[in-house]
Amino acid sequence: GLELGRVSSLFGYCMLPLVIHAAVVVLVPARSVGGWILCAVAILWSTRAATRSLVTAIPSLQEQKLLVAMPTLLMYAMYALLTIY
């Protein structure tokens, strides 16, 4: 199994693309087409990295990748929306 500290560390580490997005938003308007595309890329990148890491840590989740990815995507999308608005 996974401990809370390990999961928190994993989700925090996989949030790096969103941190990069927040830094770039200072230079590029967040509510432009480029800002939205950059936001979507950062969310998908973070979600993919976190899902892969969790499935690697718990091989029995291999069959349930989408069940892991969906709440992860929603969590990262929430944080990304904080940088836009």
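Data block above holds the structure.
Overview of the structure. Since we're looking at a predicted model, the values are computed, not measured. (Residues numbered from 1 in each chain as written. Predicted model: local features only at pLDDT ≥ 70, side-chain atom pairs only at ≥ 80, totals over all residues. Heavy atoms only, no water.)

Quick word on the overall build of the protein
Counting its regular elements, the protein contains four helices and zero strands. Mapped from its N terminus to its C terminus, the protein presents α and β elements in the order α-α-α-α. Taken over the C-alpha atoms alone, the protein extends approximately 40 × 25 × 15 Å along its principal axes. Every one of the 85 residues in the protein was classed for burial, and the buried ones make up 31%. Contacts in the protein between residues far apart in sequence, at least 24 positions, make up 73% of those at least 6 positions apart. In the structure as shown, the protein presents an accessible area of about 5700 Å², 72% of it carried by carbon and sulfur atoms. (Helix = DSSP H or I, 4+ residues; strand = E, 2+ residues; numbered from the N terminus. Buried < 20%, exposed > 50% of the residue type's maximum accessible area, 1.4 Å probe, protein only. Contact = heavy atoms within 4.5 Å. Areas by Shrake-Rupley, 256 points an atom, 1.4 Å probe, with all protein chains shown as cover.)

Overview of the packing of helix H1 (residues 4-13) against helix H3 (residues 33-57)
Between H1 and H3, the shortest axis-to-axis distance is 9 Å and the interhelical angle comes to 150 degrees. Taken together, H1 and H3 sit at an angle that is classed as roughly antiparallel. Handedness of the crossing formed by H1 with H3: right-handed. Contact residues: Arg6, Leu10 and Phe11 in H1; Ala50, Ser53, Leu54 and Ala57 in H3. Broken down by class, the residue content of the contact of H1 with H3 amounts to five nonpolar, one polar and one charged. (Axes fitted to C-alpha atoms, helices over the stretch in contact; angles between N-to-C directions. Parallel < 35°, antiparallel > 145°, perpendicular 65-115°, else oblique. Left-handed = near helix turned anticlockwise from the far one by under 90°. Nonpolar A, V, L, I, M, F, W, Y, C, P; charged D, E, K, R; others polar.)

A closer look at the nonpolar core
Core analysis: the largest hydrophobic core is formed by 18 residues, its most contacted members being Leu10, Phe11, Leu18, Ile43, Ala50 and Tyr76. Mapped onto this core, the elements with two or more residues apiece are H1, H3 and helix H4 (65-84). Looking at which element gives the most residues to this core, the answer is H3, with six residues. Setting aside residues up to four positions removed in sequence, Leu10 forms contacts with Ala50, Ser53 and Leu54. (Core = buried A, V, L, I, M, F, W, Y, C linked by side-chain atoms within 4.5 Å.)

Remember that the coordinates give geometry; whether it matters functionally is a separate question.
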